[in-house]
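Now for the letters of each chain:
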Amino acid sequence: MDDTAAAGPRGERPGGAPGRGDGRSGEELRTVHPAARIEDALAGPVVAAVQGIGGYGGLVYLRSRDRRSLVLCVVAGVPRSLLMSWWRVPVGGTLPMSEAYRRSESLWLPDERATMLRFPQFTAALPYSFSSAFHPVHVGGEPVGVISVLRSAAREPIGEREVRAALRDAGRDMEERLTEFARRVPGREGPDAVAYGIDYDDQPVSVRLPTPPSRSVSVGMIEWDLDTDRWSGDDDALSLLGVTRTEFGGTMAEVEHRVSPDDLYELRASRRDAAETGQVRSRHFRVLDEPGTDGHIRYRPVELWGHVVRTEGATRLLVGALVDAAVGIVAAEAAERLPDGVFSLDQDGRVVYANRRCQQLLDCDLERMLGHYPWDALAWLRDPAYEDRYRAAMLSQEPVSYLVRTPGGVWLGFVLYPGVHGLTGRVFRTGAPAGTEQGPGQTPAGGAASAEPPAGGAASAEPVAPARAGALYHVVQMASVLTEAVTVRDVCHAVAEQLLPAFGAREIALYTVRDNRMYLLWESGYPEHFLDSFEGVPLNANLPGVHALTTRLPLFFESPEALVNAYPNLLLDPMNAWAFLPLIASGHPVGSCILGWTEPHRFTSEERTALTALGGLTAQAMERARLYDAESAVARGLQEGLLPHRLPALDRMVTTGRYLPGTQGMQIGGDWYDVIRTENGAALVIGDVEGHSVGAAAVMGQLRSAVHAFAASGRPPQEVITHTNRLLAELETDLFATCCYIDLEAATGRARAVRAGHPPPLLRHPDGHTESLDLPGGVLLGVQPDAVYPVTTLTLAPGSLLALYTDGLVETPGGDIGTGIEVVRRTLARSRTDSVEELADQLVRTARRTEDRPDDVALLLAAYDWRRGR
């Protein structure tokens, strides 16, 4: 595992890109003031939440600047690297943190079964036994993130009420701290800017959970005159010797009197080391301690370090430190005496200790392992199945065991004992699993373990289970994600988001076949313009990506030398290992997927199988998405033909419209707008047919034609909507629609408005004051054939402007429509442009830039006597 965040698609995650509103990046926002670091506002509450329900880990997600994602900001008690696939999750995803954020509701998943039933995709990626709780965090009434606590499912059960209470208290504390943080950031002083300033787009920050109080280590400084055998020391050194300054005379005899008779040789050997080598390195001896309650003599182990200096008169003086060895050193010595190997990993899974027996069993010295993941230090531990066992231990907080076969043919048993601050492991020799032959080169197999007694003759008490297939989870997760990918772009994005972090790759390129040539669909991680020379290469080109597709066999190169030997003339990128996967769907070539690793990479048989399977899943999803995109293109053409190509020129009125298709699903819908010339002025119409399909677009066309016909015939607004409602009911389409219809007289500014389940229009007055018109309305069109729709009359002053819009402009995933309307109202009120066209562009700018837009957007602006009133 690697701490570096997997690179997203080019343009998808602009690291250090300007933040919203004030142009500052996330890192700049974290450091604008020494006290204004956002993790400081989050760390205390999440630690309190973990302690409140007896958990072992806590997470805090904050919304991204583009509001499309939840980004992991703070991690407590869980290695960041274990959660790399979850550093950024979509707001609209079927995940517990996303649902808690969207619905502003707390979630409690007490065990693995509850998680599987409600969030199968989440369980597919983290198939381990743990409990989890999620609670939304609000600032100023607006959701800004989610706090989550992980708890061992094996612990005593805890009531849901207790969980919710702890999370509610932590969430309230976090909200107060975030509010204070936002107010400290320059440019965030206004009341509307507080919640707006809470977002995050950086890497997660690790926060260490409090450790139980431990015995402190005492260190005292001493000076030992080797020529006169006189001692002196500070108060800590004298305390370790068990004497006070007033009673200590400084003679060697007094020091020897305090040392255990069994260790006098070590003390005297220290003097000999100093005289001969000029230094003392880790000499151990025991000194008298305070007597125990039973009156028996007690000794405290200490350790002496020092070096010799020459003083005036050529006196040799040993200057050193006397260290209390009752904790760390003694514990390490105890571990060295065990017949089994013992090792320790820090919170992130890196080796911090291994006793000599462990080094012997693993055939690896401590220096090669320190600071590294075990699977990085030892090539034969790089099977993802072994890493998965570590992940299972840390996320379940339960002991985990497995078998490993070394390159020398020796079977080793591993038992992992996890804790919130790291993991302790035990290694011992054992027998092969039942039914497994002892032939060389064999990979770990399933079956029950028949463990031999470890060295020293004592039989192992723990049963050891063979490792499971770790990479299988990546296949399951990919299959789950691809079921939600609809367009080719969705598929490419999902594949890149899953494959890069899952297998530690750093670059990906997806190619498709068209007219017997290869064309790039998606890339991430490549140097700029590097792939330009490969665009449109024919299928007979001597390239690994082409050969993988034409031979229908994946190609794996574990080093640059291997790739150059196979393709001497190939232009190489800065990677050191590559996988070229054919994308074949139902026997039909779809394209190729190319992955690159920054370091030489050994592809295990399991990893090769998993990558090949993932290539097949990608091809199937790609083919399905290409058909969908083709159908969508036809549907979009139909919809564009139904919308007005231009609006009529009118006396004393300026009108303009905007339409944006949704970015999810068919990307078409039933939103429409129209301006219809009438005898006294014009009728302004906007509507929305539910659904995103060809059927919705067809119904929209019928409704637009009906409204146009009724309005052009001179019918009053109420009759226009009433007849349109009856028509939709008679069509028996099972689709409903909303509509807002305003008849505006050009001479007087008098307007008559009717609303059928549609969002209220906005009216901007000549002085810039803007209000939402609270028009009484009727039910949606098509619900009740005989429904009645009331008419509201109002008068527009010269220079006024009406804004009619559909819900796609004001609704966002997890957001409140009232908040969205208020944002549009403020934008309309604050705009200083004299151009209706520019004003329309300003109103749809945010929606246009949002790539995860679930609904289409329609906007119609009508300015009355615009120049006269400005």
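Residues numbered from 1 in each chain as written. Predicted model: local features only at pLDDT ≥ 70, side-chain atom pairs only at ≥ 80, totals over all residues. Heavy atoms only, no water.

## Some details on empty space enclosed by the protein
Item 1. All told, the structure shown has five cavities of 30 Å³ or more when counted by the stated rule.
Item 2. Volume-wise, the largest cavity comes out at about 260 Å³.
Item 3. F534, P544, L570, F580 and I594 are the residues nearest the centre of the largest cavity, which is lined by 19 residues in total.
Item 4. Element by element, the count of residues in the lining of the largest cavity is highest for helix α18 (residues 544-551), at three residues.
Item 5. Here the residues of the lining of the largest cavity sort into 17 nonpolar, one polar and one charged.
Item 6. Roughly 170 Å³ of internal volume is contained in the second largest cavity.
Item 7. Looking at the lining of the second largest cavity, the elements with two or more residues in it are β13 (341-345), β14 (351-354), α12 (356-362), α14 (374-377), α15 (384-396) and β16 (411-419).
Item 8. For the lining of the second largest cavity, the element with the most residues is α15, which contributes three residues.
Item 9. Residues belonging to the lining of the second largest cavity are distributed by class as follows: 17 nonpolar, no polar and one charged. (1 Å grid on protein atoms, 1.4 Å probe; cavity = no way out; pocket = protein on both sides within 12 Å on 5 of 7 lines; lining within 4 Å. Points joined across faces, edges and corners; volume = space filled by probe spheres on them. Helix = DSSP H or I, 4+ residues; strand = E, 2+ residues; numbered from the N terminus. Nonpolar A, V, L, I, M, F, W, Y, C, P; charged D, E, K, R; others polar.)

## Comments concerning the sheet that holds strand β21 (residues 555-557)
Item 1. Spatially, six strands are ordered β20-β19-β18-β23-β22-β21 in an open sheet, and the strand pairing comes out antiparallel. Of all strands in the sheet, those bounded by a partner on one side alone are β20 (537-538) and β21.
Item 2. With nine bridges connecting them, strand β22 (residues 577-585) and strand β23 (residues 588-597) associate as antiparallel partners. Residue A577 lies in a different strand from β23, and its bridge partner there is W597.
Item 3. Sheet strands touched by α18: β18 (507-514), β19 (517-524), β20, β21, β22 and β23. Its angle to β22, the strand with the most contacts, is close to 35 degrees. (Pairing = 2+ DSSP bridges. Contact = heavy atoms within 4.5 Å. Axes fitted to C-alpha atoms, helices over the stretch in contact; angles between N-to-C directions.)

## Let's talk about helix α6 (residues 160-184)
For an α-helix, 3.6 residues make a turn, and residues three or four places apart therefore share a direction.
Item 1. Across its 25 residues, α6 extends 36 Å between first and last C-alpha, which sits within 8% of the 36 Å expected from 1.5 Å per residue.
Item 2. Among the residues of α6, V163, A166, L167, A170, G171, M174, L178, T179, F181 and A182 are the ones counted as buried. (Expected span 1.5 Å × (residues − 1). Buried < 20%, exposed > 50% of the residue type's maximum accessible area, 1.4 Å probe, protein only.)

## Some words on helix α10 (residues 264-277)
Item 1. Spanning 14 residues, α10 covers 20 Å between terminal C-alpha atoms, matching the ideal 20 Å at 1.5 Å per step.
Item 2. Turning to α10, its buried residues are L264, L267, A269, S270, D273 and A274.
Item 3. Looking at the residues trailing α10, positive phi occurs at G278, about 80 degrees.

## What about the packing of aromatic side chains?
Item 1. Using the criterion set out here, one finds twelve aromatic pairs in the structure.
Item 2. Every member of this aromatic cluster is reached through a ring pair, and the members are F343, Y386, Y402 and F414.
Item 3. In this arrangement the basic side chain of R350 is found over the ring face of Y373, its NZ or CZ atom lying 4.3 Å from the centre.
Item 4. Sitting over the face of the ring of Y519, R514 holds its NZ or CZ atom 4.2 Å from the ring centroid. (Phe/Tyr/Trp six-rings, centres within 6.5 Å; stacked < 30°, edge-to-face > 60°. Lys NZ or Arg CZ within 6 Å of the ring centre and 35° of its normal.)

## Here we look at a nonpolar patch on the surface
Item 1. Side chains of F736, V779, L780 and V783 sit close together on the surface and give an oily, nonpolar patch of about 280 Å² of accessible area.
Item 2. Its place among the elements puts V779 in the loop between β30 (770-772) and β31 (792-795). (Patch = residues over 30% accessible without salt bridge, like charges linked within 9 Å, V, L, I, M, F, W, Y side chains within 5 Å. Areas by Shrake-Rupley, 256 points an atom, 1.4 Å probe, with all protein chains shown as cover. Salt bridge = Lys/Arg side-chain N within 4 Å of Asp/Glu carboxyl O.)

## Points about the side chain of Q397
Item 1. Among the structural elements, Q397 can be located in the loop between α15 and β15 (400-405).
Item 2. Relative accessible area serves as the criterion here: at 15%, Q397 is assigned to the buried category.
Item 3. A polar contact of 2.9 Å, which involves the side chain of Q397, links it to the backbone oxygen of M394.
Item 4. Contact partners of Q397, with chain neighbours within four places excluded, come to Y56, S152, A392, P418, G419 and V420. (Polar contact = N/O pair within 3.5 Å; in protein donor to acceptor, adjacent residues only side chain to side chain.)

## Some words on the sheet that holds strand β11 (residues 299-310)
Item 1. The strand order across the open sheet built from five strands is β9-β8-β12-β11-β10, with neighbouring strands paired in antiparallel fashion. Every other strand in the sheet has two partners, leaving β9 (230-233) and β10 (279-288) as the edge strands with one partner each. Within this sheet the neighbouring strands show an average axis-to-axis angle of 30 degrees, counted without direction.
Item 2. Packed on one face of the sheet, α10 meets β8 (219-225), β9, β10, β11 and β12 (316-324) and runs near 165 degrees to β10.

## Points about the nonpolar core
Item 1. By size, the foremost hydrophobic cluster in this structure holds 58 residues, and its most contacted members are M97, F343 and L362.
Item 2. The leading source of residues in this core is α15, at six residues.
Item 3. The residues touching F343, leaving out its near neighbours within four places in the chain, are Y353, A354, C358, F414, L416, L423, T424, G425, R426 and V427.
Item 4. Listed in part, the 48 residues of the second largest apolar core include Y659, V685, A756 and A858. (Core = buried A, V, L, I, M, F, W, Y, C linked by side-chain atoms within 4.5 Å.)

## Brief notes about the environment of V537
Item 1. When you line up the elements, V537 lands in strand β20.
Item 2. For V537, a relative accessible area of 14% puts it in the buried group.
Item 3. Each C-alpha atom of the pair V537 and R517 lies 5.4 Å from the other, and the pair is 20 residues apart in sequence.
Item 4. Dropping the residues within four chain positions of it, V537 is found in contact with N516, R517, M518, L543 and V546.

## Describing the packing of helix α2 (residues 38-52) against α6
Item 1. Two numbers describe how α2 lies on α6: the axes approach to 9 Å, and their chain directions differ by 170 degrees. The angle between α2 and α6 places the two elements in the roughly antiparallel class. Contacts between α2 and α6 involve I38, D40, A41, L42, G44, P45, V46, A49 and G52 from the former and E162, A166, L167, A170, D173, M174, R177, L178 and F181 from the latter.
Item 2. Of the residues belonging to the contact of α2 with α6, the class tally is twelve nonpolar, two polar and four charged. (Parallel < 35°, antiparallel > 145°, perpendicular 65-115°, else oblique.)

## Concerning the confidence of the model for the protein chain
Item 1. Here the protein chain averages 82 in pLDDT, while 83% of its residues score no lower than 70.
Item 2. Here residues 1-35 is modelled with pLDDT under 50, and outside its nearest four sequence neighbours on either side it reaches 96 contacts, counting other chains as well.
Item 3. In the predicted structure, residues 438-470 sits below a pLDDT of 50 and forms 82 contacts with residues beyond four places in sequence or in another chain. (pLDDT = per-residue confidence, 0-100.)

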